[in-house]
Structure formats: C-alpha cells, structure tokens
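Chain by chain, the residues run as shown.
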Amino acid sequence: MSRIAQTFNKSDNYKVLNVYCTAGYPELNSTIDVMRSLQQNGADLIELGMPYSDPLADGEIIQQSGGVALKNGMTISILFNQLKGFRKDIQVPVVLMGYMNPVLQYGFERFCKSAAEVGIDGLILPDLPPLEYQQEYGAIVKEYGLDFIFLITPETSEERIKLLDSLSSGFLYAVSSSSTTGHEKDFSLVEKYLSGLSGYGLKNPVLAGFGIRDKTSFDAAAKYTDGAIIGSAYIKALAGTKDALSIEKATKSFLQTIRQ
Amino acid sequence: MKQQIQVDENGYYGQFGGAYIPEMLYPNVAQLQKEYISIMEDADFQKEYKYLLKDYVGRPSPLYLAQRLSAQIGTEIYLKREDLNHTGAHKINNAIGQVLLAQRLGKKRIIAETGAGQHGVATATVCALKGLECIVYMGEIDIKRQAPNVARMKMLGAKVIPAKSGSKTLKDATNEAIRDWINNPTDTHYVIGSVVGPHPYPDMVARFQSIISEEIRWQLKEKTGSELPTHVIACVGGGSNAAGAFYYFLNEPSVELIAVEAAGLGIHSGHSAATTTLGTPGVLHGSKSIVMQTADGQVVEPHSISAGLDYPGIGPLHAHLFASGRGRFLSATDDQSLKAAFNLTRLEGIIPALESSHALSGLEQVEFPAGSRVVVCLSGRGDKDMDTYMKHMADFE
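Residues numbered from 1 in each chain as written. Chains lettered and ligands numbered in written order. Predicted model: local features only at pLDDT ≥ 70, side-chain atom pairs only at ≥ 80, totals over all residues. Heavy atoms only, no water.

Next up on the list: the interface of chain A and chain B. Buried accessible area, meaning the area lost when the parts come together, often serves as the stated size of an interface. Taken residue by residue, the interface counts 39 residues in chain A and 33 residues in chain B. Summing the contributions of chain A and of chain B, the shared interface buries around 2800 Å²; its carbon and sulfur component is 51%. For chain A, the biggest contributors to the area lost against chain B are A:Asp54, A:Leu56 and A:Gln105; these three give 22% of the whole. Taken together, the links from chain A to chain B amount to 2 salt bridges. With a closest N to O distance of 3.0 Å, A:Asp54 and B:Lys171 form a salt bridge. Scanning the region where chain A abuts chain B turns up 18 residue pairs in polar contact (both at pLDDT 80 or more). Listed by contribution, the elements that provide at least two residues to the side of chain A that touches chain B are helix H3 (60-72), helix H5 (100-106), helix H7 (130-143), strand S6 (151-152) and helix H8 (158-167) of chain A. Among the residues forming the side of chain A that touches chain B, the class breakdown is 20 nonpolar, 12 polar and 7 charged. (Contact = heavy atoms within 4.5 Å. Buried area = accessible area lost by both parts, 1.4 Å probe. Salt bridge = Lys/Arg side-chain N within 4 Å of Asp/Glu carboxyl O. Polar contact = N/O pair within 3.5 Å; in protein donor to acceptor, adjacent residues only side chain to side chain. Helix = DSSP H or I, 4+ residues; strand = E, 2+ residues; numbered from the N terminus. Nonpolar A, V, L, I, M, F, W, Y, C, P; charged D, E, K, R; others polar.)

So, about the packing of aromatic side chains. Within the structure shown, the criterion is met by 21 aromatic pairs over all chains. Between A:Phe108 and A:Tyr137, the ring centres sit 4.5 Å apart and the planes meet at 45°, which makes this aromatic pair tilted. Of this pair, A:Phe108 sits in helix H6 (residues 108-118) while A:Tyr137 sits in helix H7; the two residues are 29 residues apart in sequence, bridging distant segments of the chain. By the burial criterion, A:Phe108 is buried, and A:Tyr137 matches it. Over the ring of A:Tyr106 we find A:Arg110; its NZ or CZ atom is 3.8 Å from the centre of that ring. Of note, A:Arg160 hangs over the ring of B:Tyr26, and the distance from its end group to the ring centre comes to 3.2 Å. (Phe/Tyr/Trp six-rings, centres within 6.5 Å; stacked < 30°, edge-to-face > 60°. Buried < 20%, exposed > 50% of the residue type's maximum accessible area, 1.4 Å probe, protein only. Lys NZ or Arg CZ within 6 Å of the ring centre and 35° of its normal.)

All names here are of chain B. Per the stated rule, a full pass over the model turns up 32 salt bridges over all chains. Between Glu-215 and Arg-59 there is a salt bridge, with its nearest N and O atoms 2.8 Å apart. Of the two residues, Glu-215 is situated in helix H10 (residues 211-224) and Arg-59 in the loop between helix H2 (43-57) and strand S3 (63-65); the sequence distance between them amounts to 156 residues. Here Glu-215 and Arg-59 have matching classes, each one buried. In this structure, Asp-383 engages Arg-381 in a salt bridge whose closest nitrogen and oxygen atoms are separated by 3.5 Å. A residue is classified by how much of its surface remains accessible, and Asp-383, at 47% relative accessible area, is partly exposed. One network of salt bridges, with partners in common, ties together Arg-59, Lys-80, Glu-82 and Glu-215.

So this is what it looks like as structure tokens:
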C-alpha cells in the first residue's frame, strides 16, 4: 500500500491534515526544516510547492512566498538535491505541487524519475489538463509509481468529476470554491458541494482545499471529506522565521490551533 | 475560405496551443470552446458585428499606397490603416467581437489586460457602448508610460487596476486578469487582447482580426488587379494584428509573411522581447507556445520601448508559423523603430504607434525583388506614444 493510501487508512473518522509549504521559503535551505517541523507537529501529508514566476492558480500570499523562494535561488534541480535522503527523517507522504512550464523545461520524464528516486509520492500540476495527461503524460507518471492528483471545483460537472477521479490516484483535491488560494470563504455555501461528493461513488479519498485557515474552517471542510489542505495561512505563519528553531516554533503554534 | 493552417479540435496549431488551465477556469473555457464558432457564425451576431465595424469603427480601413515611402524603399508599399479605426488601433475589431459574444453568453462583467493601453481603451469603449462593467488590468510601469490611454479608459468608465507583481508589465497584467477570472467564474468574460491564452482565444481573436486581411485582398484587387501582395509585414508582441493581417494569406504560398518582434536594446542585450530568437517551447498563460524563459522554466521579463510588444511569448499560431518556416521572423530594436517612426512621419505625415514602427522597420531589413507589392499593417496611431517620441525628437531632427 502506498504511503498516501496508508495515510487515509487510519480510521473511518480520521481527518487528514495536508499542509502546503513552498520549497525554498523562507530560506533557500529551509525546505527540510519546514517539512520536518510539519511532520513533528501533526501534518499527515505535505504538499511541497515548487516556486514559479507565473503561478496562475495561487493567491497573493503563496505567490509572494514563491517570489521569495525564486530570489533565494530555488530551482527544481536544487530542490531534488535538497530532497536526497529526506526519507531518513520524514515518513509522511509528500506530493509536489507546481506548474507545467518548469517541469517541462526540466524534462517531464526526468522530473518523474527524480521525484520517484528521492521518495516523492505524488504530483499536483494544476495546469496540466486531463486531455494532455491521458495522451502524453499519464503513462510516464504511472511508470515511476507516482500518484497524480487532479483538482475539482463546485462548477465541475458530475461526469467530469468522475473522469478526474478515474485519472487520479492518492486523493482528489476538491477546491472549496472556484477561486485562487487564500481567499476567505463562507463555508455554508460549499457544504452542499462537499457533502454531495460522497454520493458519486468516487474511488479516491477527497481533501478539501483553498480558503482553509483555522480549526473552524478545517473542521467545516473536513466534515464531509477525508480531510483538508491548508496553504496560505501556514505560509503567513512562517513569515519572519529564519532558522530551524523559529520555523519549529511557528509551525508548532500554528498547527496546535488546528489540531487542538 | 478554407484555411490549411488551422487550429485543431483541441486548440493546437502543430505542436503549439492547447488549453493549459487550472480546473477553476475549465467551465468558462469549455463554454467558450463549445459556443464561440456557432455564436460568431450566427446571422444576427454577424449583422451587429459588421454594422458596428462599419458605422462605429469606420471600416473598411483604407489601404494606402505610400508613394514617398515606396520611392525611398524602392518598391510598392501599401499601408493598411488600422490606425484610422475608432480608438486608434486594430484592437477595436476584437473588442467589439468579444463583447458581443460575452453578451450572448449572458456575462455582465468584462475584464481585460492591456499593455500599451490600446486593447484596454478598445474594451472600455465597447463596454461603455453596451453599458457593461469593465475592469482593466495594466502593469504598474505601463500605467506610467501610457498615461493618456489610462485617462481615456477612466473617462470611459473603466476601472484600471495596476498589476504590481513581476515585471509590472503586460505579462503580469495578464496573470492578474486570469486570477480575477478564476475568482469570478460565472458572471465574467475575459476579453483577451491578443492571439494568446487557452484555446479558443488564439483562434477566436485571429478570426475577429481576420477582417484586416479580408479587406486587404479586395482593396488590393481594386488597386492593382491582383488580390495577392508579395509580402505582408506586421509587428508581433502576442501577435493579434499580425494574425489578422496574415489570416487570409496563410495558405497562399506566394505571399511572404513577415513578423517583426521587438529587440529592445538589442536581441542579446538582456533587455529584449524577441521571443522567437530568445525563446524555447513552453507553457505560458494557458497555451503551449514559444516563451522567453530561464533554463529552469521561469519566465523572463522582457523589454521593449513599446508597451504593446513587451511580452515574453507569442501566440501559438505564430509559434507554428515560425517552427514550420511559413513565417519569416525579424526583429527591430527600440532605436530602429524610433527611426522608422520619424521617417514615416516626415515622408507621409502619419505618426505611427511604436508597435507599428517595428513593422515599418522591417522594410529596411528585407531585400524586395523587382515588382514586389508590400503591405505593412499600420496597427495603431502614435498619439499615445508622444511622450516617448518627444524625448527622442532631437535625435532625428
């Protein structure tokens, strides 16, 4: 059973907490410190963002963290170097999130190979559409044993949700409403959408994301799903940190509020 | 007319195109993909579009035989006068088309991105005409260097929102507009101003701009007895005026299609927007094309004296023309373009937009065989660029 599948296999009522962080933020070499402190403080899954100059699906906070990471000198090659041997310390599943262009320049197959070699579990590439995935890239992802996670939104039709579920493995990423990350949401509006997903007979567990920033919004989103993803709020919590100690302190106090 | 170089059902021209978009945009883009051709071909739509092009925009725009310029270059040169359109550029052709289309899709709110401001002005103009809310994203730097167009947009009732990220120019304005669309998926239509973006934008915008080459054909026939020029020259940022000027000549192999990109301070100066020379295949703003980027896939910030050409990519149609060899791609520096602008002004009494000056500069770079009939797309007028021209006037006295 894959690491991601094991994470969702804990118990029926367990809600998975997936936390997003940006590789190379706050410092070029803080990636592993951030991941280690996330694991130590209760994150079940880590979504590791690869910074990009033109991140269309991200809001201002994650975009800015990506900008800092790029100024710090982060690249995909450097990231894979940083990740060599990280499995000695970190057992939680890690999915890489990023945009197609940097991955294409690295080489799609080379990227999947490097990811699998260092121990990455899955990929989220929001601007890779299902058509191109099916025709060109899906076979490569599978060849290297990686999970691939598609996004769905409240506007995604039932037919398309089923298609995206069939192409995904690991989990399905349910965007809580159609928006970029980091926007405040009224969760009563998305309850119907999230609760309705259970009726579709999906093969994958569902994690809700976008706009989840505290215990209240986490619990509200996770009520109808297998868990939720926090991004911008954690990046905000990391602001001003520099070394492993301050990262650990900020992560602990942030995650305590979610897992209290 | 059947086009041989045509977009396929998934939005590809050869290896370039597609719709590389986050799922949040899928319903909007899928609705457009499904409906744009049937709406555009609908008789009522065509009637209103053609009426507005004729009586509101002032089409057909003249095809002017520039006699003194022809004498200087030593060949017959025609200028397609898109600068004489209402609002001063070719952008209005597409803005009218897309706003009429948005209305038929039931959208109430229009967003746009703009570089030089011509597309923003055109979109704001049509929104005023149709009573629609209009929000225009514009790079903070472009807001400063294109102040007259910012004032025009505001006077027309549009809200101009500065893009403060990245290079603070057209690329970043496009990012912000796409984000706005993601956050407002149901009531909003995004009027993209060039032949870039996810399918169907490159094809849709090319079709709205194809009126340029449709007119060139019959106007040239009237003047010369032949529909076909030997060369068509147009500037390329994203490439909408070039796509329109080339459209009905794409499968006329005798017509050489020449695109002029902005070389800025020099192609290899580090301050350039010459995408086909400096770029490599990549994905930007929703389609696979040729993109200026680092080896690590980060998009490079371009430079041009002309805000409308200050873009690190080209549309997928142009990428295909380049890769297949059907199009010839040249570049002009800031200085070469300024020289061409002052030259046209003094020879013909026409002040061109800085964008169009790049196309004019192409005339200096091509050896025209005897008997050539060259059409240059004069995509816009230079009023908006007067500050820049005044700064350089002494150099050309």
